[in-house]
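# Report on the structure
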Amino acid sequence: MEKAGNHHANESSETHVHKSDDHENKQHSDESEQKLHSSTPESESSEQSLVQVMEAVDDFIKALSAEKDPPREIPPAVEPFPERVDSLVSKMESSGLGRDETEDSVFIDAVNRISKSVMRLRELKLDSTPVSSWLNRASSVQHRAVSLLDEEFRHLLDRSREEKKKNINDGNNSDHNNSSTNESDRCVLQDQEEEEEESFPDFPPESISTLKKIAGAMISAGYEAECCMSYEMSRRHAFKEELREVGFEGINVEDVQRISWESLEGEIASWISIVRRCSTVLFPGELSLCNAVFPDQDHASIRKRLFTGLVSAVTIRFLDFSGAVVLTKRSSEKLFKFLDMYETLRDLIPAVEQSDSDLIQEIKLAQTRLGEAAVTIFGELEKSIKSDNGRTPVPSGAVHPLTRYTMNYLKYACEYKETLDQVFQHYESNQTDNKPEPETKPKQQQREDDEEYKVSAFARQMIRVMELLDANLEIKSKLYRDPSLRYIFLMNNGRYILQKIKGSIEIRDLMGQSWTRKRSTELRQYHKSYQRETWGKVLQCMNQEGLQVNGKVSKPVLKERFKIFNTMFDEIHKTQSTWIVSDEQMQSELRVSISALVIPAYRSFFGRYKQHLDSGKQTDKYVKYQPEDIESFIDDLFDGNPTSMARKRN
């Protein structure tokens, strides 16, 4: 038969506005009387008699509910009520609900009255043949009426899904016919699709109103189980179709252990997208629909049961997938996907908080397992630093690959700092006996005393990793035989670490200003140690002590001093021009500091003692560099490219 809901678009004047139940019942009664009194003359007497019958039924129900002396017979005015309702059922079977809101209200009001009468008479168990006969007739009509309501209920629920299918098919055909749509049009279409997603489930207000009335009538009639079954079956089908559209059926738990991590990353990305859509659109939409259809306070248990039944099966599949991912082999690159999944489940909890508490506990348990896996993976970073004990130094004192890997890893990890802090807090609360290693205590104590820093669980882990890296770099620096290159190595790595920290707000906030200042102080100390180790002896050969014998400058000693300077400077230039200082600012600072240290001393020595050497070839033999040459050759240092001095001078 034709359903009245198909005419909603043409019945714009009858848009239903949500009201409270008491006001709505009064409104329905007023509308019913208005409708009845405006009927044609031929139907006026019968319509008025229906009003009179319903008023008599109201009085009869009140009398049946009285604590003393309930009526033991059916009043004459109530006697024809089952037949009146039966004729309304026949009428509604032809027209359907939703076409005329006033007629719907009259019908549902009549069903509510006959249901209350039947239920009260059954409770009283009156021993009267007329009463039994009326009760049998009323029960039969009630069953027929509720069957119609159930059918209309399922039809209204299913129609939204069928209309969405039609819209999707129309959209697909439109896309096919407009395959040449330009990029800007595609962006507009994408935005429109996103807006449509937010309206899930897409029921017009008048349909919601009718569904609410039907549900209330069925539950009042004692057909709660049938009403809930129809609602649950319809919404399960609708929800299944929604999930199929976003790829839910493609999630295969059995494949998780067999496929490569690269493939699994794609599966995890799909899983995250689907769960987030459920968290933000589908689950809230279903909860909103459930609350709208079953709004009464005494329907709270119904709402909770229906919502739990709908979301639990889907959520358990989500949790099965996350559980399978957790069981895969741990490796450092998996940390960030695990944290994404952890955050996704965390955001899912508010969307299902109206469901059964057992489901929420299952989500929290799966979330905890992901967190424990993240802690384990992060611990692997510490192990990898400790076990990196290669005996081959990095050429030219450059930044060690371990330093680059660790700092980049920490930079990405800090993008999840709130989540990691939550994870480590939970882990520490379960591992109260986990104490820091003795060698980390002094630095960690100093770090915790920094007033600018609020100690957090993740910050403590960061400090621990940084200290392990420092200790490892200190060991690696000793692989260099040349002490000067050892300090260049420490400067390169220290500078890289400091720049990474300064370039990341997240790391900088975690480490604190005190730690950053301390790192800068260490770099300056390495710089001074390099200068002392490299240029200290060079400066000593330009010392005035020992140059004079009996008050006169000793030419042999002076010649030896120039010769020593030439040899030492040649060797430093030859060696350290191959060394690398990759940070341009630090490279410039080193050259400037060397120039400020060496050039004034050489210029003074050169100007004071050159005249004591014989002019000509002898001078050229011992005085190899002019003061201005020194600065030029210093600028060659730390470029990583050997330079021929002879070629440069030519």
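Residues numbered from 1 in each chain as written. Predicted model: local features only at pLDDT ≥ 70, side-chain atom pairs only at ≥ 80, totals over all residues. Heavy atoms only, no water.

Inclusion rule: UniProt positions are given in the numbering used here, feature names are shortened, and annotations may be inferred rather than shown by experiment.
The name an unreviewed UniProt entry assigns to the chain is Exocyst subunit Exo70 family protein, from the organism Arabidopsis lyrata subsp. lyrata. Heading Function (unreviewed entry) of the UniProt record for the chain holds this comment: "Component of the exocyst complex." Under the UniProt heading Sequence similarities (unreviewed entry), the note attached to the chain is "Belongs to the EXO70 family."

### Examining the nonpolar core
The condition that has to hold: Only buried residues count toward a nonpolar core, which is a set of Ala, Val, Leu, Ile, Met, Phe, Trp, Tyr and Cys residues joined through side-chain atoms within 4.5 Å. Relative accessibility thresholds used throughout: buried, under 20% of the residue-type maximum; exposed, over 50%; partly exposed, between the two (1.4 Å probe, protein chains only). An automatic or database domain assignment is the source of the domain bounds shown. Every residue pair with non-hydrogen atoms within 4.5 Å of one another is taken to be in contact.
Core analysis: the biggest nonpolar cluster contains 122 residues, and Phe283 and Tyr530 have the highest contact counts within it. Both domains that furnish three or more residues to this core are identified here as domain 2 (227-387) and domain 3 (397-432 + 455-646). Those residues in contact with phenylalanine 283 that lie beyond four places of it in its chain are Phe239, Cys278, Phe307, Val311, Val314, Thr315, Leu348, Ala351 and Val352.

### Things to note about the pattern of salt bridges
Pairs can form between side chains of opposite charge once their charged atoms are near each other. Under the convention used in this document: Put simply, a salt bridge is a Lys or Arg side-chain nitrogen that is within 4 Å of an Asp or Glu carboxyl oxygen. For the purposes of this entry, the term helix denotes a DSSP run of H or I that reaches at least four residues, the term strand denotes a run of E that reaches at least two, and both are numbered from the N terminus.
Counted according to the given criterion, the structure contains 26 salt bridges. A salt bridge links arginine 305 to glutamate 224; the shortest N-O distance between them is 3.2 Å. Residue arginine 305 is located in helix H10 (residues 300-326), and its partner glutamate 224 is located in helix H8 (residues 224-245); the two are separated by 81 residues in the primary sequence. On the basis of relative accessible area, glutamate 224 is assigned to the partly exposed category, the value being 31%. For glutamate 232, the salt bridge identified is with arginine 236, shortest N-O distance 3.4 Å. Remark: arginine 236 and glutamate 232 occur in helix H8; sequence separation between them is 4 residues, near one turn of the helix. Via salt bridges that share partners, Asp470, Lys518, Arg519 and Glu522 belong to a single interconnected network.

### Section: unusual backbone geometry
It is generally the case that most residues other than glycine have a negative phi and that most peptide bonds are trans. Positive phi, close to 65 degrees, is recorded for serine 396, a residue that is not glycine. Residue placement: serine 396 occurs in the loop between helix H12 (357-387) and helix H13 (401-414). A relative accessible area of 21% places serine 396 in the partly exposed class. With a phi angle near 70 degrees, phenylalanine 638 is a residue other than glycine that sits in the positive phi range. Here phenylalanine 638 shows up in the loop between helix H22 (627-634) and helix H23 (645-649).

### What about helix H16 (residues 457-477)?
Selection criterion: In this scheme, a helix's expected span is set at 1.5 Å multiplied by one less than its residue total.
Taking 1.5 Å per residue, 21 residues should reach 30 Å; H16 reaches 31 Å between its end C-alpha atoms and fits that length. With 17 of 21 residues buried, H16 lies mostly within the body of the structure.

### Quick word on the packing of aromatic side chains
So the rule is basically this: Pairing of aromatic side chains here covers Phe, Tyr and the six-membered ring of Trp, requires ring centres within 6.5 Å, and sorts the geometry by plane angle: under 30 degrees stacked, over 60 edge-to-face, intermediate tilted.
The full count for this structure, using the stated rule, is 24 aromatic pairs. A centroid spacing of 6.3 Å and a plane angle of 75 degrees characterise the contact between phenylalanine 60 and tryptophan 134, whose relative ring orientation is edge-to-face. Separated by 74 residues along the polypeptide, phenylalanine 60 in helix H2 (residues 41-65) and tryptophan 134 in helix H5 (residues 129-177) bring together distant segments of the chain. Pair check on accessibility: phenylalanine 60 and tryptophan 134 agree, each one buried. Aromatic side chains phenylalanine 336 and tyrosine 412 sit 6.2 Å apart centroid to centroid with 70 degrees between the ring planes, which places their arrangement in the edge-to-face category.

### Observations concerning the packing of helix H17 (residues 483-502) against helix H18 (residues 505-540)
Where we set the bar: As a rule, the C-alpha atoms of each element are fitted with a line to give its axis, helices using only the stretch in contact, and angles between N-to-C directions run from 0 to 180 degrees. Orientation categories follow fixed angle ranges, with anything under 35 degrees roughly parallel, anything over 145 roughly antiparallel, 65 to 115 roughly perpendicular, and all other angles oblique. Handedness of a crossing follows from how the near helix is turned relative to the far one, being left-handed for an anticlockwise turn of less than a right angle and right-handed for a clockwise one.
Closest axis-to-axis distance for the H17/H18 pair is 9 Å, and the angle between their directions is 160 degrees. When the axes of H17 and H18 are compared, the pair comes out roughly antiparallel. Relative to H18, the crossing made by H17 is left-handed.

### Points about the packing of helix H9 (residues 261-293) against helix H11 (residues 335-351)
For the pair H9 and H11, interaxial distance at closest approach is 9 Å and the crossing angle is 15 degrees. When the axes of H9 and H11 are compared, the pair comes out roughly parallel. The way H9 lies across H11 gives a crossing that is left-handed. Of H11, the residues touching H9 (which contributes Trp261, Glu265, Ile268, Ala269, Trp271, Ile272, Val275, Arg276, Ser279 and Phe283) are Lys337, Phe338, Asp340, Met341, Thr344, Leu345, Asp347, Leu348 and Ala351.

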